[in-house]
Each structure stands twice: as structure tokens, then as C-alpha cells.
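Tertiary structure, described
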Amino acid sequence: MNRVVLIETAFVVVTIVLAVLVAVRAELTRARGGKVFAFLALFILPVLAVWGGFSEQMQRSTSTQFCLSCHVMTDFGRSLYVNDPSYVPARHFQNNFVPRDHACFTCHTDYTMFGDYRAKWRGVHHVLVEYFGTVPKPVDIKLYSPYNNRECLHCHLGARRYEEASEHHKDPAMLAQAASNQLSCMSSNCHDIVHDVDTLKDASFWSPSK
Amino acid sequence: MPTIERRIRWSGLLIGAGLVVQLLSLLKIHPLAFVTFLLVGCPLVGAGVLLYLYSLVAHGHGALSPRP
């Protein structure tokens with residue numbers, strides 16, 4: 001348990017104790033001091049505790065561990081360890097192009113003003129489907145809309161390796177088209193091998209401990 | 001027990017219950033913990049806080065009413 005969670009936990013425990021104390025001894029609120037105490041215990045502290053908890057839960061929900069908790073995501077997690085750099089997610093994950101403990105979120109959030117919240121809302125929907133709906137097979141899981149180059153260019157745009165790659169200059173307009181999302185980075189014969197979970201049974205896997 | 005104290009008691013219990021749910025949801029990093037926090041913990045605490053505020057407003061309104 002990290003320090004922030006420890007502090008958050010202690011804060012919540014103290015708030016619970018104070019709230020229950022006010023509940024059990026409601027007559028305390030007859031005195032002026034009791035009124036102030038109740039205001040703290042039943043308004044200020046609970047609001048702060050929930051705000052802290054929400055912040056912690058939002059942070060946790062961006063972790064790779066969180067995304068891979070659902071059984072249906074297992075193959076997508078395995079695809080990060082494929083021993084083949086043509087798999088785009090595996091290449092990013094294994095070379096630390098994305099933080100490993102936030103790998104899913106880094107690529108699957110929208111880099112827009114409310115992108116994080118939209119991603120969370122989709123995530124809540126996924127959880128409801130996991131527990132109360134019909135879970136699709138991993139191979140049937142598709143993106144809601146074609147992957148937007150904006151998410152790739154959030155990191156790659158302006159990078160020398162991206163700007164100067166000879167493959168990116170086969171057509172003089174290629175970079176401009178990619179920037180405007182007219183030409184997908186995942187077009188055929190470009191970066192078109194992504195998770196491809198249906199191919200995993202024949203793949204070999206990288207083991208970080210080696 | 002006066003109405004305001006009864007409401008404050010319920011408010012404290014709701015807040016306590018909501019925060020216990022929040023505490024439990026912090027034990028594990030799991031989507032179910034996130035959803036439990038969001039759909040159970042937050043509404044309980046919210047209901048408790050709103051009930052407390054309502055009890056203050058209702059009591060204040062009663063105190064301001066002209067006595068017969």
C-alpha cells in the first residue's frame with residue numbers, strides 16, 4: 001500500500017469514526033460546539049474523503065492491472081508480450097514507449113479536453129457488460145470508432161524518428177495526411193498489426209525476466 | 001428525540017456506511033471496486049450529506065417561522 005493510499009485510508013477511518021459518533025450522540029449538536037463538530041463530521045470531512053477517494057479510483061483505473069482484471073482482456077494483455085516488433089502494442093510496451101503500468105490507458109484514452117472522462121465512462125459500461133451483460137469473445141472486440149491518429153501523434157508528432165523515417169516520405173503528403181487523420185497510421189502495409197489476438201496461439205512471447 | 005437529531009443520526013449512519021464502502025473499495029485494484037465506489041459508496045455519502053444539509057435548512061426554516 002503506497003503512502004497516498006495510507007493517508008487516504010487513515011482520513012476515511014477518522015471521518016467514519018466522527019460521523020458515527022455524531023450519529024450515536026446526536027444530542028451533541030444542541031450546543032454550539034456540537035453544531036460546528038457536526039458540520040465538520042457530516043459535511044466538510046465526508047466531501048474531502050469522497051473527493052480523495054474519487055481521485056484515487058480515477059488514478060487506479062488508468063493502470064494496466066485494472067484493465068487486465070477482466071478475463072476477456074487476458075489475450076490483449078498477452079499481446080503486449082508477443083516476441084515480434086511488428087505488433088504495435090507489444091513494441092510500445094516492451095520498449096517502454098508507453099509506461100508499462102499504464103499501457104492500455106496511454107493509447108486508449110482520447111487526447112481531448114474530456115477524453116479521460118469519456119474513456120472512464122466507456123470503462124464503466126464495459127464493467128457493467130462484464131458482470132451483467134453478454135461478454136463478447138476477445139476476437140470480436142472492436143473499437144467504437146476507427147483509431148484516431150491523434151492518439152499516436154500525441155507522442156510521435158515532432159519526434160525526429162517519426163518525422164525523418166523514410167517510410168513516412170514515400171508520398172510527400174503522407175505526414176500531412178496522417179496529421180489530419182485522412183490517412184490512418186494503421187493503414188494496410190503500415191502499422192496494421194495491432195493486438196491481433198486471433199494470431200496469439202502461434203506467437204512466441206517475450207519474458208522480461210530473461 | 002427531535003426531528004433534526006433523528007435526521008442527523010440517519011445522516012451520520014449513511015455517511016459512515018458510504019465511507020466503509022469506499023474503504024473496502026480501496027483494498028483492491030479492480031473494476032468492480034471502482035464501480036462499487038461510484039455506484040454505492042458515493043450515493044450513500046451524498047445522501048447522508050444532503051440529508052444533513054436538509055435537516056439544517058428545515059430546522060432553520062422552522063425556527064424562523066412566527067410562533068403562534
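Within each chain, residues carry numbers counting from 1 in the order of the written sequence. Chain letters and ligand numbers both follow the written order, the letters beginning at A and the numbers at 1. With pLDDT at 70 or above as the cut-off, local features in this predicted model cover only qualifying residues; side-chain atom pairs require 80 or more to be listed or tallied, and sums for whole chains, interfaces and linings still use all residues.

The next point concerns the overall build of chain A. Scanning chain A from terminus to terminus reveals 10 helices and 0 strands. The helix and strand labels rest on DSSP assignments: H or I over at least four residues marks a helix, E over at least two residues marks a strand, and numbering proceeds from the N terminus. Seen in sequence order, chain A has helices and strands lined up from the N terminus as α-α-α-α-α-α-α-α-α-α. For a compact globule of 210 residues, the expected C-alpha radius of gyration is about 17 Å, and chain A comes in at 24 Å, more than 25% above that figure. Taken along its principal axes, the extent of the C-alpha atoms in chain A is 80 × 35 × 35 Å. Exposure criterion: with C-beta atoms placed from backbone coordinates, a residue whose C-beta has 20 or more other C-beta atoms within 10 Å is buried, one with 12 or fewer is exposed, and one in between is partly exposed. With 210 residues in all, chain A has 23% of them scored as buried. The contact criterion used here is simple: two residues whose C-beta atoms, placed from the backbone, lie within 7 Å are in contact. Within chain A, contacts between residues at least 6 apart in sequence are counted, and of these 60% link residues at least 24 apart. Just to be clear, the radius of gyration here is over C-alpha atoms, and the globule rule we use is 2.2 Å times residues to the power 0.38.

A word on the overall build of chain B. Within chain B one finds 2 helices and 0 strands. Residues classed as buried in chain B amount to 35% of the 68 residues present. Pairs at least 24 apart in sequence give 66% of the contacts found in chain B among residues at least 6 apart.

This part is about the packing of helix α1 (residues 3–24) of chain A against helix α2 (residues 32–60) of chain A. Residue and element names in this part refer to chain A. Relative orientation of the contacting elements α1 and α2 amounts to 150°, with a least axis distance of 9 Å. Here α2 runs roughly antiparallel to α1, going by the angle between their axes. Pair α1 / α2 crosses with left-handed handedness. Each of V5, E8, F11, V12, T15, L18, A19 and V22 in α1 lies in contact with α2, whose residues at this interface are A38, A41, L42, L45, P46, A49, G52, G53 and E56. For this classification, Asp, Glu, Lys and Arg are treated as charged, while Ala, Val, Leu, Ile, Met, Phe, Trp, Tyr, Cys and Pro are nonpolar and the rest, including Gly, are polar. Each residue belonging to the contact of α1 with α2 can be placed in one class, and the counts come to 12 nonpolar, 3 polar and 2 charged. Axis definition: a line fitted to C-alpha atoms, over the contacting stretch in the case of helices. Angles run 0 to 180 degrees between N-to-C directions. Here the angle decides the label: under 35 degrees means roughly parallel, over 145 means roughly antiparallel, 65 to 115 means roughly perpendicular, and every other value means oblique. In a left-handed crossing the near helix is turned counterclockwise from the far helix by less than a right angle, and in a right-handed crossing that turn is clockwise.

Glancing now at the confidence of the model for chain A. As a note on interpretation, predicted positions should not be read in detail where pLDDT is low. Per-residue confidence from the predictor is reported as pLDDT, which spans 0 to 100. Summing up the model confidence of chain A, the mean pLDDT is 91 and the portion of residues at 70 or higher is 99%. Averaged pLDDT values over the elements of chain A bottom out at 84 in helix α7 (residues 115–132) of chain A and peak at 96 in helix α5 (residues 88–94) of chain A.

Another point: helix α1 (residues 3–25) of chain B. For α1 of chain B, with 23 residues, the first-to-last C-alpha span of 33 Å sits near the 33 Å given by 1.5 Å per residue. Looking at α1 of chain B, one finds that the buried residues are I8, R9, S11, G12, L14, I15, G16, G18, L19, V21, Q22 and S25 of chain B. By definition here, a helix of n residues has an expected span of 1.5 Å times n minus one.

Here we take up the confidence of the model for chain B. Of all residues in chain B, 90% attain a pLDDT of 70 or more, and the chain-wide mean is 89. Reported for the predicted complex are a pTM of 0.82 and an ipTM of 0.88.

Quick look at the packing of α1 of chain A against α1 of chain B now. How two helices sit against one another is set out by the angle between their axes and by the gap between those axes. Look at α1 of chain A against α1 of chain B: their axes get within 8 Å of each other, and the N-to-C directions meet at 160°. In terms of orientation, α1 of chain A and α1 of chain B fall into the roughly antiparallel class. Along this stretch, α1 of chain A crosses α1 of chain B, giving a crossing that reads as left-handed. Across the interface between the two elements, T9, V12, T15, I16, A19, V20, V22 and A23 of chain A from α1 of chain A touch I8, R9, G12, L13, I15, G16, L19, V20, Q22 and L23 of chain B from α1 of chain B. When the residues that make up the contact of α1 of chain A with α1 of chain B are grouped by side-chain class, the tally is 12 nonpolar, 5 polar and 1 charged.

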